[in-house]
Amino acid sequence: MANEAVLLDFWPSPFGVRVRIALAEKGVKYEYKEEDLRSKSSLLLQMNPVHKKIPVLIHNGKPICESLIAVQYIDEVWNHKSPLLPSDPYPRAQARFWSDYVDKFHDYSRKVVVTKGEELETAKKEFIDCLKLLEEQLGDKAYFGGDKLGFVDVALVPFYSFFKAIETFGNLNIEAECPKFIAWAKRCFEKESVSKSIAEQDKSKSVTCSPSMSCIGVLINTCVYH
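My aim in this report is to walk through the structure given alongside it, one point at a time. (Residues numbered from 1 in each chain as written. Predicted model: local features only at pLDDT ≥ 70, side-chain atom pairs only at ≥ 80, totals over all residues. Heavy atoms only, no water.)

## Some points on the pairing of strand β2 (residues 31–34)
On a regular strand, each side chain points to the face opposite its neighbour's, so the side chains alternate between the two faces of the sheet.
Moving on, step 1. Bridge analysis of strand β1 (residues 5–9) against β2 gives four bridges, and the strand direction is parallel. Bridge pairing links V6 to E31 in β2.
Moving on, step 2. Each parallel crossover has a hand, and the one from β1 via helix α1 (residues 14–26) to β2 is right-handed. (Pairing = 2+ DSSP bridges. Helix = DSSP H or I, 4+ residues; strand = E, 2+ residues; numbered from the N terminus. Right-handed = clockwise from strand over helix to strand, strands pointing away.)

So this is what it looks like as structure tokens:
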């Protein structure tokens, strides 16, 4: 079937959510296949034999691995609407830079969840400092992409699902520290492409906090997503 798209994913993965949002923004119909990461499917191992991770976008039988690469691919292939990356080379390069920086944000988030004592205080400071740096980059714009959702927004907003868990583990009030960032996240959630693609915060918190699910908690185990 021409232009067939399949997404191998696991519902709490913020990296998978990136791809879901991009597909929704473009209005692309696709088949969603949920992966059991404790028993990975033969299709996943075949489509991503190097890293064996989700998400994997399969387009016309060909795999595209790594979430940011998949989002860029979607933007280039389905370029008829909702451009995510700027056409000008310099802002395009900047968008790629800050999207890569989002992975550092993920690392700081994870540290808040898994550390204790004095190390936790350091982790909390690093996390808030990271958010404030991102706030500076946002400036007075509605989105990182300007007046419309863009590449950096798609890369970053999925992690907002885990803020309740981060606040619980870190005893933080993120909105009090970074109100502009929270306002941006809520603005993103007003978009149907985001709200329907992203994991519910309470559900995400339960996965992260549940001992029985800790081996696959998105913020705790980073080896299965990208």
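## Quick word on the packing of helix α5 (residues 117–138) against helix α9 (residues 179–189)
Moving on, step 1. At their nearest, the axes of α5 and α9 sit 8 Å apart, and the two run at 65° to each other. Between α5 and α9, the crossing angle belongs to the class labelled roughly perpendicular. Helix-helix and strand crossings are classified by hand; for α5 and α9 the assignment is left-handed. The residues of α9 that touch α5, namely those facing L131, L134, E135 and L138, are P179, K180, F181 and W184.
Moving on, step 2. When grouped by side-chain class, the residues that make up the contact of α5 with α9 number six nonpolar, no polar and two charged. (Axes fitted to C-alpha atoms, helices over the stretch in contact; angles between N-to-C directions. Parallel < 35°, antiparallel > 145°, perpendicular 65-115°, else oblique. Left-handed = near helix turned anticlockwise from the far one by under 90°. Contact = heavy atoms within 4.5 Å. Nonpolar A, V, L, I, M, F, W, Y, C, P; charged D, E, K, R; others polar.)

## Regarding the nonpolar core
Moving on, step 1. Of all hydrophobic cores here, the largest spans 57 residues; its most connected members are F105, F127, L131, L134, F163, F181 and W184.
Moving on, step 2. Every element with two or more residues in this core is listed here: β1, α1, α3 (67–77), α4 (89–114), α5, α6 (151–156), α7 (163–170) and α9.
Moving on, step 3. For L134, the contacting residues outside a window of four places in its chain are W98, Y101, F105, F144, L156 and F181.
Moving on, step 4. Formed by 10 residues, the second largest nonpolar core is a distinct cluster that contains F10, L44, M47 and I54. (Core = buried A, V, L, I, M, F, W, Y, C linked by side-chain atoms within 4.5 Å. Buried < 20%, exposed > 50% of the residue type's maximum accessible area, 1.4 Å probe, protein only.)

## As for the packing of aromatic side chains
Moving on, step 1. This model, assessed by the stated rule, comprises 14 aromatic pairs.
Moving on, step 2. When the centroid spacing of 6.2 Å and the interplanar angle of 35° are considered together, the rings of F105 and F181 count as tilted. Of the two residues, F105 sits in helix α4 while F181 sits in helix α9, which places them 76 residues apart along the sequence. In this pair, the class of F105 matches that of F181, namely buried.
Moving on, step 3. Members of the aromatic cluster, each reached through a chain of ring pairs, are F15, F105, F127, F144, F159, Y160, F163, F181, W184 and F189. (Phe/Tyr/Trp six-rings, centres within 6.5 Å; stacked < 30°, edge-to-face > 60°.)

## Here we look at the pattern of salt bridges
Moving on, step 1. By the definition in use, this model includes 12 salt bridges.
Moving on, step 2. The partner of R38 in a salt bridge is D36, and the shortest N-O contact between them spans 3.6 Å.
Moving on, step 3. Its relative accessible area of 58% is what places R38 among the exposed residues.
Moving on, step 4. Since its relative accessible area comes to 38%, D36 is described here as partly exposed.
Moving on, step 5. Between D129 and K125 there is a salt bridge, with its nearest N and O atoms 2.7 Å apart. Taken together, the residues D129 and K125, both in helix α5 and four residues apart, mark about one turn of the helix.
Moving on, step 6. Judged by its relative accessible area of 37%, D129 falls in the partly exposed class.
Moving on, step 7. Residue classification places K125 among the exposed positions, given a relative accessible area of 53%. (Salt bridge = Lys/Arg side-chain N within 4 Å of Asp/Glu carboxyl O.)

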